[in-house]
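# What the coordinates show
Now for the letters of each chain:
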Amino acid sequence: MPNEVPGNLASLMASPVGIVLNNDTLTMETDKFVDPALELMKERNQRCVLVSHKGETVGIVSKTDIVNKVTSEKRNPGKVKLREIMTSPVVAVDPQTTIKDALDMMKARNIKQVMVHAYSAALGIVSIEEIYKKMEETSASSEGASIQGAPACVIDYKSITYTKDLSKVKFPCPYCVSPFDTKEGLSMHIDRLHGESGILEGDVRNMVK
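What this report covers is the structure whose coordinates are included nearby. None of the values given here were measured: they were computed from a predicted structure.

A few words now on the overall build of the protein. Tallying secondary structure elements over the protein gives 8 helices and 8 strands in all. Out of the 209 residues in the protein, the part that is buried amounts to 40%. Partitioning the contacts of the protein with sequence separation of at least 6, the portion at a separation of at least 24 is 51%. With the model as given, the accessible surface of the protein reaches about 11,400 Å², and the carbon-plus-sulfur share is 51%.

Counting 19 residues, the largest nonpolar core has Ile99, Met106, Val126 and Ile131 as the members making the most contacts within it. Every element with two or more residues in this core is listed here: α1 (9-13), α5 (99-109), β5 (113-118) and α6 (128-143). Setting aside chain neighbours within four positions, we find Val126 in contact with Val17, Val20, Leu21, Met106, Lys112, Gln113, Val114, Val116 and Ile131.

This paragraph deals with the environment of His117. Along the chain, His117 falls in strand β5. For His117, a relative accessible area of 29% corresponds to the partly exposed category.

Turning next to the sheet that holds β5. Spatially, the 3 strands line up as an open sheet ordered β4-β5-β6, and their pairing is mixed. At either margin of the open sheet sits one strand with a lone partner, and together these are β4 (92-93) and β6 (121-127). The pairing of β4 with β5 spans 2 bridges and is parallel. When the bridges of β5 are listed, Ala92 appears paired with Met115. Along the sheet, α5 makes contact with β4, β5 and β6, crossing β5 at roughly 130°.

As a further point, take the pairing of strand β2 (residues 48-53). β2 sits mainly inside the fold: 5 of its 6 residues count as buried. Pairing of strand β1 (residues 27-29) with β2, which is carried by 3 bridges, proceeds in the parallel orientation. Paired with Glu29 across the two strands is Ser52, which belongs to β2. For the crossover that starts at β1, traverses helix α2 (residues 34-44) and ends in the parallel β2, the hand is right-handed. Pairing of β2 with strand β3 (residues 56-62), which is carried by 6 bridges, proceeds in the antiparallel orientation. The residue of β3 that forms the bridge with Ser52 is Thr57. Taking the residues between adjacent antiparallel strands as the criterion, β2 and β3 are bridged by 2 residues, where Lys54 takes a positive phi near 55°.

Now for the pattern of salt bridges. Tallying each qualifying case throughout the model produces 9 salt bridges. Salt-bridge contacts for Arg44 lead to Asp24; the nearest nitrogen and oxygen are separated by 2.6 Å. Note that Arg44 is positioned in helix α2 and Asp24 in the loop between α1 and β1, a separation of 20 residues in sequence. By relative accessible area, which is 33% here, Arg44 ends up partly exposed. Between Lys69 and Asp65 there is a salt bridge; the shortest N-O distance is 3.8 Å. Note that Lys69 and Asp65 are positioned in helix α3 (residues 63-71) at a spacing of 4 residues, about one turn of the helix. With a relative accessible area of 11%, Asp65 lands in the buried category.

Right, let's talk about unusual backbone geometry for a bit. Note the cis peptide between Ser88 and Pro89, where omega equals 0°. Within the element layout of this structure, Pro89 appears in the loop between α4 (82-85) and β4. You will see that Lys74, though not glycine, has its phi angle at about 55°, which is positive. By the secondary structure assignment, Lys74 is in the loop between α3 and α4. When its relative accessible area of 78% is taken as the criterion, Lys74 is described as exposed. The phi torsion at Asn110 lies on the positive side, around 60°, for a residue other than glycine. Counting through the fold element by element, Asn110 comes out in the loop between α5 and β5.

Rules of the game
- Throughout, a residue's number is its position along its own chain's written sequence, starting from 1.
- Residues qualify for local features only when their pLDDT is at least 70, as the model is predicted, and side-chain atom pairs are given and counted only at 80 or more; totals for whole chains, interfaces and linings, by contrast, use all residues.
- No hydrogens and no water enter the side-chain calculation; it runs on all heavy atoms of the structure.
- In this text, helices come from DSSP runs of H or I with a minimum length of four residues, and strands from runs of E with a minimum of two, each type numbered from the N-terminal end.
- Think of it in three bands: residues with accessible area under 20% of the maximum for their type are buried, residues over 50% are exposed, and the middle band is partly exposed, with areas taken using a 1.4 Å probe on protein chains only.
- Any two residues whose heavy atoms approach within 4.5 Å are treated as being in contact.
- Values of accessible area rely on a 1.4 Å probe in the Shrake-Rupley scheme; residue burial ignores everything except the protein chains shown.
- Put simply, a nonpolar core is a bunch of buried Ala, Val, Leu, Ile, Met, Phe, Trp, Tyr and Cys residues held in one set by side-chain atoms that sit within 4.5 Å of each other.
- Two strands make a pair as long as DSSP finds a minimum of two bridges between them.
- Angles shown run from 0 to 180 degrees and are taken between the N-to-C directions of axes, each axis being a line fitted to C-alpha atoms and, for helices, limited to the stretch in contact.
- For a crossover, the right-handed case is the one in which the path from the first strand over the helix to the second runs clockwise, viewed with the strands pointing away from the viewer.
- Any carboxyl oxygen of Asp or Glu that lies within 4 Å of a side-chain nitrogen of Lys or Arg is treated as forming a salt bridge with it.

Written out as structure tokens, the structure reads:
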């Protein structure tokens, strides 16, 4: 994925999705079980796996799907096949789609990632999380002259602050180290950006006293 950061948020939103593309995608066949898929996602630090049938992408399974369709229903992930819980068809965009259009599409469909494809080939995944991370980088770059220190998450400007010394932050996000002044702001951030991590990886909000 390219490391260049656009000069401002407007130019970032107008950039093609390639700047936030994750091409380290995982693909498994429809008859594979959820357990090995989840283990592979954890091992590769990925949030979803593409599901294929005879070499063609036919669906996608995210950690959210596993939480909602397996864990919450107390089903055995070692006996549930990916085809039973996959989202199909896969929402996809072409490489020239702008980040803004991709983000609007995800929000409208209430999904957290879309596949990027060209000529029937899957090029990778674009996620809301990667877009927000790039927004933070861009915001830090463009605000650097007037704001000293590390930027907090840009999801909700009312719940964040900027701080010069992260060691003095009251409530740092345990996932991305974004700083927050209140537990409520931190909790909202975790729910919006790291929502499914709590169940699958241990709800670290319990560590915040």
